[in-house]
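Per-entry structural report
Each chain, written out:
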There are 4 protein chains.
Amino acid sequence: MTSFLTQLSKQELSANGLDGFAYGYRDRVRFYELDALDHVNNVVFLKWFETIRVSYVQDYGFTSYTKDDPMLVVRRVTCDFLAPMFQNEEYVVATRTTVLKPSSFVMDYAVMCDGSLRATGEAVVVSLEQDGKTRRKHYRQAYEKIMELDKPAVPA
Amino acid sequence: MTSFLTQLSKQELSANGLDGFAYGYRDRVRFYELDALDHVNNVVFLKWFETIRVSYVQDYGFTSYTKDDPMLVVRRVTCDFLAPMFQNEEYVVATRTTVLKPSSFVMDYAVMCDGSLRATGEAVVVSLEQDGKTRRKHYRQAYEKIMELDKPAVPA
Amino acid sequence: MTSFLTQLSKQELSANGLDGFAYGYRDRVRFYELDALDHVNNVVFLKWFETIRVSYVQDYGFTSYTKDDPMLVVRRVTCDFLAPMFQNEEYVVATRTTVLKPSSFVMDYAVMCDGSLRATGEAVVVSLEQDGKTRRKHYRQAYEKIMELDKPAVPA
Amino acid sequence: MTSFLTQLSKQELSANGLDGFAYGYRDRVRFYELDALDHVNNVVFLKWFETIRVSYVQDYGFTSYTKDDPMLVVRRVTCDFLAPMFQNEEYVVATRTTVLKPSSFVMDYAVMCDGSLRATGEAVVVSLEQDGKTRRKHYRQAYEKIMELDKPAVPA
């Protein structure tokens, strides 16, 4: 069994039912993620997607969230809740870029637990200058890494 | 100026730029809703939508979240982030049902602040028996109240 | 009845059972503040104390949390949980400075709901330069305002 | 290096500078744990203590948080903030019972990161019947396990 919070390989993700993903890790439901209905609160899935998005864009070189780097702004998120999750459950969360443009991208997310998909989601992310307005191109290295790993669609 | 957290009338919502909404209230950004980028965290908008959804379904009689009442399950949420929000900003959050079916409904949400729309969202909600599986019809009274107040679409 | 989130007078706080407090406001328990035990999560009381502390230090002129102002650092918090709280309950949270030194202070907090004290707490706060190390004296105006309003102890 | 979220041995905790602790695990700071000051929010340390407390009382057999088991109620928490923490930092959080009585106990907590203690805390926990009022003795097995592992003080 693989470790918590350490990046899984494409093969490990596939073995966990997450074919086509190259970035993901295992984690465990915590008490504070439950709500009064005694299962993982809906909004918490969005927090998981945010957490893995921040790791992903840092690891792949899109931004370091410091002054001279691009500002990545999320324009839209969606989440589909497929099955409830409970205290102490172990899951794998994974993400990938599905559409890559020069200064934006679309990611999708999946949460797999005990052989069943519990939630999926999507985010539209835009890369801006630090003024928060002007579009900024992705770093070439980040662009190429995503092309290689996630094989996203590239609109003409 | 209207009070915080008290339900606004259709007229007051309209005066705040939220035409067509019959349910909403004013609130204020809190420190814990900011993230490291110093603006309201994306996921917090979803929390605001959850908070107003819970009030709405209780006030309109869909469920009291107790044992004999329907279990309302959110199947899907979306959120569009239109402009950033900051510490201490005052805003109005509003919601309405846009599509009403016998045992489900679609809601939309809007956050208005200082004359500009900051975020909008949508949720698909299903009404179930306490087994979490069997569909359960809405209470007639809740159904009629929504028909009157929100005038949602009613698919054939 | 007074409004939500608007500052209450000393008289209004006293009428709500919070004698000796000059700063407080009403608020209401939200769904996301409950945990799996169906009451307000313990840690949420600390969030309420943080929220009112941030308002208090801004309103009283200790800091604006911007670059040239003091950095206020919390060194220690405590919280006593006296009785559980539930969804939609309305409460008053209040705070005051009990000990005032040239570059630090001790605050206490109280949560009153439906005539009973639900929680109390304390925080030790230190005022620093933006280097996060060197002590920085409170602004004279803030110091005098607290002396007048809260009548804290002033150690020799 | 030990894995994330898996229980560390007394020896591993000691090697991480946490002598005298028998229960702890490694974890990593997540983006949503930062606040607008760009470090881990104070209240988040209390969440970490809650998370490890829930694991500890379940693993050691105090309660399973289900109907027939004791209700564990936190009466008081404290936290001392010793040094700030930042995004992606890896830390060990540990806990132990320092005082054990027939139907209550006192725990302490420590967060160690990169060789320095970042925060410590304490909680007073009471064991009650499901009525939320009557004291209930700890299970003998849980009591004995704590006596053996944590060697707490036992007041006469």
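First things first, this report covers the structure right here in the doc.

Definitions and limits used
- Along each chain, residues carry numbers from 1 onward, in the same order as the chain's sequence is written.
- Chains and ligands are labelled by the order in which they are written, letters from A for the one and numbers from 1 for the other.
- Under the rules for a predicted model, residues below a pLDDT of 70 receive no local features and side-chain atom pairs below 80 are neither given nor counted, while totals for whole chains, interfaces and linings still include all residues.
- Least squares is the method used to superpose the copies, on C-alpha atoms of residues holding a pLDDT of at least 70 in both.
- Each residue is classified by how many other C-beta atoms fall within 10 Å of its C-beta atom, where C-beta atoms are placed from the backbone; a count of 20 or more means buried, 12 or fewer means exposed, and values in between mean partly exposed.
- To qualify as a helix, a DSSP run of H or I must reach at least 4 residues; to qualify as a strand, a run of E must reach at least 2; elements of each kind are numbered from the N terminus.
- Each direction from the helix axis to a C-beta atom contributes to the arc, which is the arc of those directions.
- In this description, a residue-residue contact is defined by the distance between C-beta atoms placed from the backbone, which must lie within 7 Å.
- Note that Gly is not counted as nonpolar here; it falls among the polar residues with everything else outside the nonpolar set of Ala, Val, Leu, Ile, Met, Phe, Trp, Tyr, Cys and Pro and the charged set of Asp, Glu, Lys and Arg.
- Each pair of strands is called paired provided DSSP finds at least two bridges between the two strands.
- Think of each axis as a best-fit line through the C-alpha atoms, taken over the contacting stretch in the case of a helix, with angles from 0 to 180 degrees between the N-to-C directions.
- A helix is expected to span 1.5 Å for every residue after the first.

Observations regarding the relation of the copies chain B and chain A
Relating one copy of the chain to the other requires a rotation about an axis plus a shift along that axis. Overlaying chain B with chain A gives an RMSD of 0.0 Å, the required rotation being 180 degrees about an axis along which the chain moves by 0.0 Å. Here the transformation between the copies is reduced to the relation of a two-fold axis. Across chain B, the rotation axis passes nearest the C-alpha of Thr 78 of chain B, at a separation of 2.1 Å.

Looking at helix H3 (residues 140–150) of chain D
Residues and elements named next belong to chain D. When H3 is considered as a whole, its buried residues turn out to be Ala 142, Tyr 143, Ile 146 and Asp 150. All buried residues of H3 lie within an arc of 100 degrees about the axis, which places them on one face of the element. The exposed residues of H3 that point more than 90 degrees off its buried face are Arg 140, Gln 141 and Glu 148. In the core, the buried residues of H3 are packed alongside strand S3 (90–101). At the exit of H3 stands Lys 151, carrying a positive phi of roughly 50 degrees.

Looking at the relation of the copies chain B and chain D
Rotating chain B by 180 degrees and translating it 0.0 Å along the rotation axis places it on chain D, where the RMSD comes to 0.0 Å. When you check the interface residues of chain B against chain D, 100% turn up at the interface there too, and the contact is symmetric in its surfaces.

Overview of the interface of chain B and chain A
Each partner contributes residues to the interface: chain B has 13 residues there, and chain A has 13 residues. Contributions of two or more residues to the side of chain B that touches chain A are made by helix H2 (42–59) and strand S2 (71–81) of chain B. Here the element with the most residues in the side of chain B that touches chain A is S2 of chain B; it accounts for 8 residues. When its residues are assigned to classes, the side of chain B that touches chain A shows 6 nonpolar, 2 polar and 5 charged. The pairing of strand S2 (residues 71–81) of chain A with S2 of chain B spans 5 bridges and is antiparallel.

So, the interface of chain B and chain D
Contacts between chain B and chain D engage 5 residues on the former and 5 residues on the latter. For the side of chain B that touches chain D, the class distribution of residues is 3 nonpolar, no polar and 2 charged.

Focus: unusual backbone geometry
Residue and element names in this part refer to chain A. Its identity is not glycine, yet Tyr 65 carries a phi of approximately 60 degrees, on the positive side. Tracing the chain through its elements places Tyr 65 in the loop between helix H2 (42–59) and S2. Since 17 C-beta atoms lie within 10 Å of it, Tyr 65 is described here as partly exposed. In this model, Lys 151 sits at a positive phi of 45 degrees, which is unusual for a non-glycine residue.

Some thoughts on the pairing of strand S3 (residues 90–101) of chain B
With 6 bridges connecting them, strand S1 (residues 23–28) of chain B and S3 of chain B associate as antiparallel partners. The partner of Tyr 25 of chain B across the bridge, within S3 of chain B, is Val 93 of chain B.

Some words on the sheet that holds strand S3 (residues 90–101) of chain A
The 10 strands lie next to each other as S1(A)-S3(A)-S4(A)-S5(A)-S2(A)-S2(B)-S5(B)-S4(B)-S3(B)-S1(B), forming an open sheet whose pairing is antiparallel. Each having just a single partner strand, strand S1 (23–28) of chain A together with S1 of chain B make up the two edges of the open sheet. In this sheet, neighbouring strand axes are inclined to one another by 20 degrees on average, regardless of whether the strands run parallel or antiparallel. As defined by bridge partners, strand S4 (residues 104–113) of chain B adjoins strand S5 (residues 116–128) of chain B across 10 bridges and the pair is classed as antiparallel. The partner of Asp 108 of chain B across the bridge, within S5 of chain B, is Glu 122 of chain B. Where H2 of chain A meets the sheet, its contacts fall on S1, S2, S3, strand S4 (104–113) and strand S5 (116–128) of chain A together with S2 of chain B, and the angle it forms with S2 of chain A comes to roughly 140 degrees.

Describing helix H2 (residues 42–59) of chain C
All names here are of chain C. Here H2 contains 18 residues, and its C-alpha end-to-end distance of 27 Å stays within 8% of the 26 Å for a straight helix at 1.5 Å per residue. Of all 18 residues that make up H2, 13 are buried, and the element is covered over most of its length. Immediately beyond the C-terminal end of H2, within one or two residues, lies Gly 61, with a positive phi of roughly 85 degrees.

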